[in-house]
Amino acid sequence: MGFMDKLKTKFTQNKETEKVSEKYKEGMKKSRNTFSGKINDLIARYRKVDEDFFEELEEVLITADVGVMTVMDLIDELKMEVKRQNIKDTREVKNVISEKLVEIYHGDDDEEIKTLNIQEEGLSVILVVGVNGVGKTTSIGKLANQLKQQGKKVVLAAGDTFRAGAIEQLEVWGERAGVDVVKHSAGSDPAAVVFDGIKAAKSRNADVLICDTAGRLQNKVNLMNELSKVKRVIEREIPGAPHEVLLVLDATTGQNALNQAKTFSEATDVTGIVLTKLDGTAKGGIVLAIRNELNIPVKYVGLGEKVDDLQQFDANAFVYGLFADMLEEEEEEEEEE
């Protein structure tokens, strides 16, 4: 049984996994059309696995924004595997590609989905960072809604006091999710808002405090200093916090998202990525580049506009979403035979 068959079995064996696979399948339509289409075209043109085939495959992967370093690693791994298994027919390479993509994502880790670090006892603090326009506030709202559904008491701190409309936007999400929002007036000190958020969350016996932060100040240095200050306040008030620092990135910006991730991870210890708008891009390979080049796990992906379209990231479901059409085509071919 090939790796792709295993994926198909895994995601169609029960209602729960089928629901997850449908979300990824639907949300990754643009990436899949580009990626699968190009790989299928490549396999149709080359019957033999040779150097030219690998060169073109390299181009396909780079245009999917898998990242140059990651592509080089992947091609080397593929060449070794093709040699080891003595693969001659290009059609057999599909299985190896999908398997290696999952391996690249997991690295030396086990295959468990990276969940949020929510404390058993006391208050868990989640700091959410990212530049303006990436879907930061929306992601906070969706996350608050999910945690509330899980029976957690959630408080939001409107720490993005510099962007016009950010506080109001968070309030709208707070109302939607049915959670309290702690705010100050526009332009006030974000660290003071977060301080009050901690006090309010403690007095209301909340389980989780999610802090929004500014996405753009006059320059990068200002922004990073502001973030460091907020983080110091949290650390002072709650030892061991923040328990998560989630960086929100927009998948449609491709390599630019990778550069943002590098900048933010220098200023604050990013523990996980929330990758929004994965449904809006053909460059879904950025997930692999982030993981492989920065070694930060992607914890959530945005696969649509709806509240429940913010999904916990599952590398197997992601690869299944990339290859779903190929799997269906193979099935049809087998039935015809």
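Summarised in this report is the structure supplied together with it. In this text, all values refer to a predicted model and were calculated from it rather than measured experimentally. (Residues numbered from 1 in each chain as written. Predicted model: local features only at pLDDT ≥ 70, side-chain atom pairs only at ≥ 80, totals over all residues. Heavy atoms only, no water.)

## Thoughts on the pairing of strand S2 (residues 154-157)
In regular strands, side chains alternate between the two faces of the sheet. Defined as follows: Relative accessibility under 20% of the residue-type maximum defines a buried residue, over 50% an exposed one, and the middle range a partly exposed one, all with a 1.4 Å probe and only protein chains included. Secondary structure follows DSSP: runs of H or I at least 4 residues long count as helices, runs of E at least 2 residues long count as strands, and numbering of each begins at the N terminus. If DSSP finds at least two bridges between two strands, the strands pair. Look down the strands so they point away from you; if going from the first strand over the helix to the second traces a clockwise path, that crossover is right-handed.
Every second residue of S2 is oriented toward a common face, with Val154 and Leu156 on one face and Val155 and Ala157 on the other, all of them buried. As paired strands, S2 and strand S4 (residues 208-212) are joined by four bridges and run parallel to one another. From the neighbouring strand, Val155 faces S4, where its bridge partner is Leu209. Bridge analysis of S2 against strand S3 (residues 180-182) gives three bridges, and the strand direction is parallel. Bridge pairing in S3 links Ala157 to Val182. Regarding topology, helix H8 (residues 166-177) serves as the crossover connection from S2 to the parallel S3, and that connection is right-handed.

## Examining the pattern of salt bridges
The condition that has to hold: Each salt bridge in this description consists of a side-chain nitrogen of Lys or Arg and a carboxyl oxygen of Asp or Glu lying within 4 Å of one another.
This structure, assessed with the given rule, holds 24 salt bridges. Notably, a salt bridge pairs Asp212 with Lys136, separated by 2.9 Å at the nearest N-O pair. With a gap of 76 residues between them, Asp212 in strand S4 and Lys136 in helix H7 (residues 136-149) connect regions that are remote in the sequence. Each of the two residues, Asp212 as well as Lys136, counts as buried.

## Section: the pairing of strand S5 (residues 244-250)
Among the seven residues in S5, seven count as buried, and that is most of the element. Burial along S5 is two-sided: the face carrying Glu244, Leu246, Val248 and Asp250 and the face carrying Val245, Leu247 and Leu249 are both buried. Strand direction decides the pairing type here: strand S1 (residues 124-129) and S5, joined by four bridges, are parallel. Among the inter-strand pairings, Leu127 is bridged to a residue of S5, identified as Val245. Note that S5 and strand S6 (residues 272-276) share five bridges and pair parallel. Pairing of Val248 across the sheet is with Val274, part of S6. Tracing the backbone out of S5, into helix H11 (residues 255-267) and back to the parallel element S6 gives a crossover that is right-handed.

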